[in-house]
Amino acid sequence: MISCTEFILAYNELFKFLHKRYGKKAVIDFWIYISDNFLTNLDNLVKEKGIAGMAEYWTHTLTEEKAEYCMEVGKTHFRIYMKKCPSVGIMNQRKVKKYPYYCEHCDILYKKIIEKYGFDYRIRFIDKNNGVCEVSVREKKY
Amino acid sequence: MEEKIHKDFHGALSVGFEYLAKKFGKKSLEEFLGVCARSIYKELIKKIKKEGLIAIEKYWNEIFSLEGAKFKIERKKGELILKITECPAISHIVKVGYPVYDDFCIQCRVINRVIAEETGLKSEISSDQKKGRCIQKFKKEIQ
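One structure accompanies this document, and this report is about it. Quantities reported herein were computed from a predicted structural model and do not represent experimental measurements. (Residues numbered from 1 in each chain as written. Chains lettered and ligands numbered in written order. Predicted model: local features only at pLDDT ≥ 70, side-chain atom pairs only at ≥ 80, totals over all residues. Heavy atoms only, no water.)

### Remarks on the overall build of chain B
Step number 1: If you tally the helices and strands in chain B, you get six helices and four strands.
Step number 2: Computed over its C-alpha atoms, the radius of gyration of chain B comes to 15 Å, within 12% of the 15 Å expected for a compact globule of 143 residues.
Step number 3: By residue count, 51% of the 143 residues in chain B fall in the buried class.
Step number 4: Taking all contacts inside chain B whose residues are at least 6 apart in sequence as the whole, residues at least 24 apart take part in 56%.
Step number 5: Element-wise, carbon and sulfur atoms account for 50% of the exposed surface of chain B, whose accessible area totals about 7,400 Å².
Step number 6: Counting 29 positive and 21 negative side-chain charges, chain B places the centres of these two groups 3 Å from one another. (Helix = DSSP H or I, 4+ residues; strand = E, 2+ residues; numbered from the N terminus. Rg over C-alpha atoms; globule rule 2.2 N^0.38 Å. Buried < 20%, exposed > 50% of the residue type's maximum accessible area, 1.4 Å probe, protein only. Contact = heavy atoms within 4.5 Å. Areas by Shrake-Rupley, 256 points an atom, 1.4 Å probe, with all protein chains shown as cover. Lys, Arg positive; Asp, Glu negative; His and termini not counted. Charge placed at Lys NZ, Arg CZ, Asp CG, Glu CD.)

Quick look at the structure:
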């Protein structure tokens, strides 16, 4: 059984495998598939609770993943400043070759869900090698 | 006490298997698992070559304890047997309500086969995915 402590390594291999065999589009299609078929818990939380749902989702996942981060939760905005991404940390620690577009999955996976409910989702990659980034969500003004 | 780990990853992996098999065929999934095994278990393979079956026993104890599995390991002459009565991956996926890929157990079959090939051992698995139970064996080729 691939343990959940080995999952990041397996996913990184899956991205590399898909890209090598079928091209980058296959990797992006896979991320879209994951967003539609796996992240239904995030979808339900954002649909029901909006920003509070985002805070609930990421507090749970980032705590379990032992991430180092700061979270800001406002009435119309939500922000995560990732100081040490746990996925990047695991790959650096195990000295594995990271899929060059690895960090992009956090854009595709979450943007698709969050923007569906009237928010603007942006991710800024500050240091991909060390897993530093910033996710900003704002309520769209109409 | 069971350490807090992000068990939802098992669900994401299951969706990944389903995607590969559905879109590119089961052969592609098998090939991916082979590549994955050689990469992720590189260090374990080295340890098995050096220490023998004890390295697998240590690894099994470590991950299945961490995951809170119901399991038992038996040692016989030249043989190591793992009996899982509640697979932590399957039980979590079912509990949370994620879909379980219909051949989720393929991961253990392919990974154990690759580990055996790389270390000169023999591997055997019998599993009942619906019940989340399996018996995994590693044996020395020549006894």
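From this point on, the discussion continues.
### Brief notes about the packing of aromatic side chains
Step number 1: Evaluation of the coordinates by the stated rule reveals 24 aromatic pairs over all chains.
Step number 2: Both rings, one in Phe15 of chain A and one in Tyr102 of chain A, keep their centres 5.5 Å apart while their planes meet at 45°; by these two values the pair is tilted. Of this pair, Phe15 of chain A sits in helix α1 (residues 7–22) while Tyr102 of chain A is found in the loop between α5 (86–93) and α6 (105–114), placing the two residues 87 residues apart along the sequence.
Step number 3: When its relative accessible area of 1% is taken as the criterion, Phe15 of chain A is described as buried.
Step number 4: Ring geometry for Phe30 of chain A versus Tyr19 of chain B: centroids 5.0 Å apart, planes at 50°, classification tilted. Taken together, the residues span two chains, with Phe30 of chain A in helix α2 (residues 24–37) and Tyr19 of chain B in helix α1 (residues 8–24).
Step number 5: Just above the ring of Phe125 of chain A sits the side chain of Lys128 of chain A; from NZ or CZ to the centre is 4.9 Å. (Phe/Tyr/Trp six-rings, centres within 6.5 Å; stacked < 30°, edge-to-face > 60°. Lys NZ or Arg CZ within 6 Å of the ring centre and 35° of its normal.)

### Observations concerning α1 of chain B
Step number 1: In this model α1 of chain B runs 24 Å from its N-terminal to its C-terminal C-alpha over 17 residues, within 8% of the 24 Å that 1.5 Å per residue would give.
Step number 2: Counted residue by residue, α1 of chain B has 13 buried out of 17 residues, so it is predominantly covered. (Expected span 1.5 Å × (residues − 1).)

### Some thoughts on unusual backbone geometry
Residues and elements named next belong to chain A.
Step number 1: In the Ramachandran plot, Lys66 falls in the positive-phi region, its phi being about 60° despite a non-glycine side chain.
Step number 2: Mapped onto the secondary structure, Lys66 falls in the loop between α4 (51–64) and β1 (68–73).
Step number 3: The backbone of Lys95 sits at a positive phi, close to 55°, despite the residue not being glycine.
Step number 4: Within the secondary structure, Lys95 is located in the loop between α5 and α6.

### Examining the interface of chain B and chain A
Step number 1: Taken residue by residue, the interface counts 40 residues in chain B and 31 residues in chain A.
Step number 2: Across the chain B to chain A interface the summed buried area is about 3,300 Å²; carbon plus sulfur atoms make up 68%.
Step number 3: At the surface where chain B touches chain A, the tally comes to two salt bridges.
Step number 4: In this structure, the salt-bridge partner of Glu31 of chain B is Arg21 of chain A, at a minimum N-O distance of 2.3 Å.
Step number 5: Where chain B packs against chain A, one counts 17 residue pairs in polar contact (both at pLDDT 80 or more).
Step number 6: Elements that contribute at least two residues to the side of chain B that touches chain A include exactly α1, α2 (26–40), α4 (53–66), α5 (88–96) and α6 (106–119) of chain B. (Buried area = accessible area lost by both parts, 1.4 Å probe. Salt bridge = Lys/Arg side-chain N within 4 Å of Asp/Glu carboxyl O. Polar contact = N/O pair within 3.5 Å; in protein donor to acceptor, adjacent residues only side chain to side chain.)

### Overview of the pairing of strand β4 (residues 133–140) of chain B
Residue and element names in this part refer to chain B.
Step number 1: With six bridges joining them, strand β2 (residues 79–86) and β4 adopt antiparallel strand pairing. When the sheet's bridge partners are listed, Glu79 is paired in β4 with Lys139.
Step number 2: Strand direction decides the pairing type here: strand β3 (residues 121–128) and β4, joined by eight bridges, are antiparallel. Each bridged residue has a counterpart across the sheet, and for Asp128 the counterpart in β4 is Arg133.
Step number 3: Count of turn residues in the β3/β4 antiparallel hairpin: four residues, of which Gly132 carries a positive phi of about 65°. (Pairing = 2+ DSSP bridges.)

### As for the sheet that holds β3 of chain B
Residue and element names in this part refer to chain B.
Step number 1: Spatial strand order, β1-β2-β4-β3: four strands in an open sheet with antiparallel pairing. Edge positions in the sheet fall to β1 (70–76) and β3, since each has one partner strand and no second. Across the sheet, the mean angle from the axis of one strand to that of its neighbour is 10°, orientation sign disregarded.
Step number 2: Sitting on the sheet, α4 is in contact with β1, β2, β3 and β4, with an inclination near 15° to β2. (Axes fitted to C-alpha atoms, helices over the stretch in contact; angles between N-to-C directions.)

### Here we look at the side chain of Asp43 of chain A
Residue and element names in this part refer to chain A.
Step number 1: For Asp43, the position within the fold is in helix α3 (residues 40–49).
Step number 2: Residue classification places Asp43 among the buried positions, given a relative accessible area of 13%.
Step number 3: Ignoring sequence-local partners within four residues, the contact set of Asp43 consists of Ile113, Lys116 and Tyr117.

### Let's talk about the packing of α1 of chain A against α2 of chain B
Step number 1: Contact pair α1 of chain A / α2 of chain B: the axes reach a minimum separation of 10 Å and the direction vectors enclose 130°. The angle between α1 of chain A and α2 of chain B places the two elements in the oblique class. In the packing of α1 of chain A onto α2 of chain B, the handedness of the crossing is right-handed. Across the interface between the two elements, Leu9, Ala10, Glu13, Leu14, Phe17, Arg21 and Tyr22 of chain A from α1 of chain A touch Ser28, Glu31, Phe32, Val35, Cys36, Ser39 and Ile40 of chain B from α2 of chain B. (Parallel < 35°, antiparallel > 145°, perpendicular 65-115°, else oblique. Left-handed = near helix turned anticlockwise from the far one by under 90°.)

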